[in-house]
Amino acid sequence: MKKDFLTIRDMSPKELAKTLTLAADIKKHPKKYATSLKGKALAMIFEKPSLRTRVTFDVGIHQLGGFSVPLMPSEISLGKRESVHDVAKNLERMVQGIMIRTFAHQIVIDMAKHARVPVINALTDYSHPCQALADFLTIKEVKGKLKGLKLTYVGDGNNVAHSLMFAGARLGVNVTVACPEGYDPDPTAFRHAQEDAKETGARIEVVRDPMKGVEGADAIYTDVWASMGQEAETEKRKAIFKPYQVNAALMSRANKGAIFLHCLPAHRGDEVTDDVIDSKASVVFQEAENRLHAQKAVMLQLMK
Ligand code: CP
Ligand code: NVA
């Protein structure tokens, strides 16, 4: 296992599968792991807001016998009050792991380069690997398997879409991204996912038509149309993404028994309607809970 977890691609297909198995065991037998990281400290750097990430990392490290040191944007002012290099050089002497949520992906790469301790990416503009772990753990729980399933992501080709493509490619899950022109996944991320998919035979594709995209899908996934940092584009994006709303009509085009996922927070009435997110098909809160178990599996492997 690599020192850091910056993208799903930092884990081999085998390591990824093993992490999901470990997460499932942690979920089933939490007490077994209650002292695994006894006395270890996790610094949690936040440059963007959070509910799930904040709570699940905090609770997670405590449940493993360690403790957290949450650092909010106003406290360390990463890159302004102090350089990323200097923050890394300080923290590596004080804590046994660094979790970071920030804007540019390069910041987590630099932090990982300079810190001797593990760095865990808790969302950048490029990827959200902990989210994808929880997502595939959830799909596996509900569907009983992963290989050969089809997940269709409908909406913006963003950080969450990238991580889903990377994980699908490595786990043998076909991933279709249905997005409007101009909002495709990053071309390099797409190329990487397609290359990785050769090993498992997964199909990774980008399509324009959401109705066609969800055909044959076992899981439908969406995310906000304007991510954190893109708030100024909210109104413009609302008009562009309207045809990409996940509603009952779209869900009815997917496979019978298809489930609905969303990383949350959701903008109800925009990217998803209430009748979908509150339906029996929706597993969004199970998915949110699984952030806890998945991240405990990551911390356990990297910080032991
Ligand atoms: N899904 C997710 O990362 O949620 P938060 O932004 O609330 O942490
Ligand atoms: N794409 C969203 C995900 C939030 C968990 C964002 O970056 O804001």
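Up top you'll find the structure we're talking about.
Residues numbered from 1 in each chain as written. Chains lettered and ligands numbered in written order. Predicted model: local features only at pLDDT ≥ 70, side-chain atom pairs only at ≥ 80, totals over all residues. Heavy atoms only, no water.

With reference to specific residues and values, describe the sheet that holds strand β4 (residues 119-121).
What the four strands build is an open sheet, ordered β2-β1-β3-β4; its pairing is parallel. Lying at the two open borders of the sheet, with one neighbouring strand each, are β2 (67-71) and β4. Averaged over all neighbouring strand pairs, the angle between strand axes comes to 20°, with direction disregarded. Sheet topology places strand β1 (residues 41-46) next to β2; five bridges connect them, and they run parallel. The residue of β2 that forms the bridge with Ala41 is Phe67. (Pairing = 2+ DSSP bridges. Helix = DSSP H or I, 4+ residues; strand = E, 2+ residues; numbered from the N terminus. Axes fitted to C-alpha atoms, helices over the stretch in contact; angles between N-to-C directions.)

If you had to explain the layout of surface pockets to someone new, which residues and values would you point to?
A probe as big as a water molecule, rolled over the atoms, marks out the empty space that is left. Quantified by volume, the largest pocket comes out at close to 460 Å³. The element best represented in the lining of the largest pocket is helix α10 (residues 234-241), accounting for three residues. Broken down by class, the residue content of the lining of the largest pocket amounts to 11 nonpolar, eight polar and 10 charged. Forming the walls of the second largest pocket are 13 residues, and the residues nearest its centre are Asp125, Asp156, Asn158, Ser227 and Gln230. The residue inventory of the lining of the second largest pocket, partitioned by class, reads three nonpolar, six polar and four charged. (1 Å grid on protein atoms, 1.4 Å probe; cavity = no way out; pocket = protein on both sides within 12 Å on 5 of 7 lines; lining within 4 Å. Points joined across faces, edges and corners; volume = space filled by probe spheres on them. Nonpolar A, V, L, I, M, F, W, Y, C, P; charged D, E, K, R; others polar.)

Can you tell me about the site of ligand 2, naming the residues and giving the values?
Around ligand 2, the neighbouring residues are Leu123, Asn158, Asn159, Val160, Asp223, Ser227, Met228 and Leu264. One nitrogen or oxygen atom from the side chain of Asn159 is found 2.9 Å from an oxygen atom belonging to ligand 2. In this structure, an oxygen atom belonging to ligand 2 sits 2.8 Å away from a main-chain N or O atom of Met228. Spatially, ligand 2 is embedded in the largest pocket. (Near = heavy atom within 4 Å. Polar contact = N/O pair within 3.5 Å; in protein donor to acceptor, adjacent residues only side chain to side chain. Sits in = over half its atoms within 2 Å of the grid points.)

So what about the nonpolar core? Which residues, and what values?
In this structure, Phe5, Phe57, Phe136, Ile139, Leu151 and Met299 are the most contacted members of the largest nonpolar core, which totals 60 residues. With eight residues, helix α7 (residues 159-171) is the single largest residue contributor to this core. Excluding residues within four positions of it along the chain, Ile139 makes contact with Gly144, Lys145, Leu146, Leu149, Leu151, Ala219, Ile259 and Leu261. (Core = buried A, V, L, I, M, F, W, Y, C linked by side-chain atoms within 4.5 Å. Buried < 20%, exposed > 50% of the residue type's maximum accessible area, 1.4 Å probe, protein only. Contact = heavy atoms within 4.5 Å.)

Describe the packing of aromatic side chains, and please don't skip the residues or the numbers.
Scanning the model with the defined rule gives five aromatic pairs in all. Each residue in the set Tyr183, Trp225, Phe241 and Tyr244 is aromatic and connected to the rest through ring pairs, giving one cluster. Positioned above the aromatic ring of Phe166, the side-chain terminus of Arg9 is 5.9 Å from the ring centre. Cation over ring: Lys48 sits above Phe103, and NZ or CZ is 4.5 Å from the ring centre. (Phe/Tyr/Trp six-rings, centres within 6.5 Å; stacked < 30°, edge-to-face > 60°. Lys NZ or Arg CZ within 6 Å of the ring centre and 35° of its normal.)

How would you sum up the site of ligand 1? Please name residues and give values.
Taken together, the residues surrounding ligand 1 are Ser50, Leu51, Arg52, Thr53, Arg101, His128, Gln131, Cys263, Leu264 and Arg291. Within the side chain of His128, a nitrogen or oxygen atom sits 2.9 Å from an oxygen atom of ligand 1. At 3.0 Å, a side-chain N or O of Arg291 approaches an oxygen atom of ligand 1. Notes on ligand 1: free accessible area 250 Å², of which the protein chains cover 96%. Here ligand 1 occupies the largest pocket. (Areas by Shrake-Rupley, 256 points an atom, 1.4 Å probe, with all protein chains shown as cover.)

Break down the pattern of salt bridges for me, citing the residues and quoting the values.
If you walk through the whole model with that rule in mind, you get 20 salt bridges. The network of salt bridges with common partners includes Arg9, Arg170 and Asp196. (Salt bridge = Lys/Arg side-chain N within 4 Å of Asp/Glu carboxyl O.)

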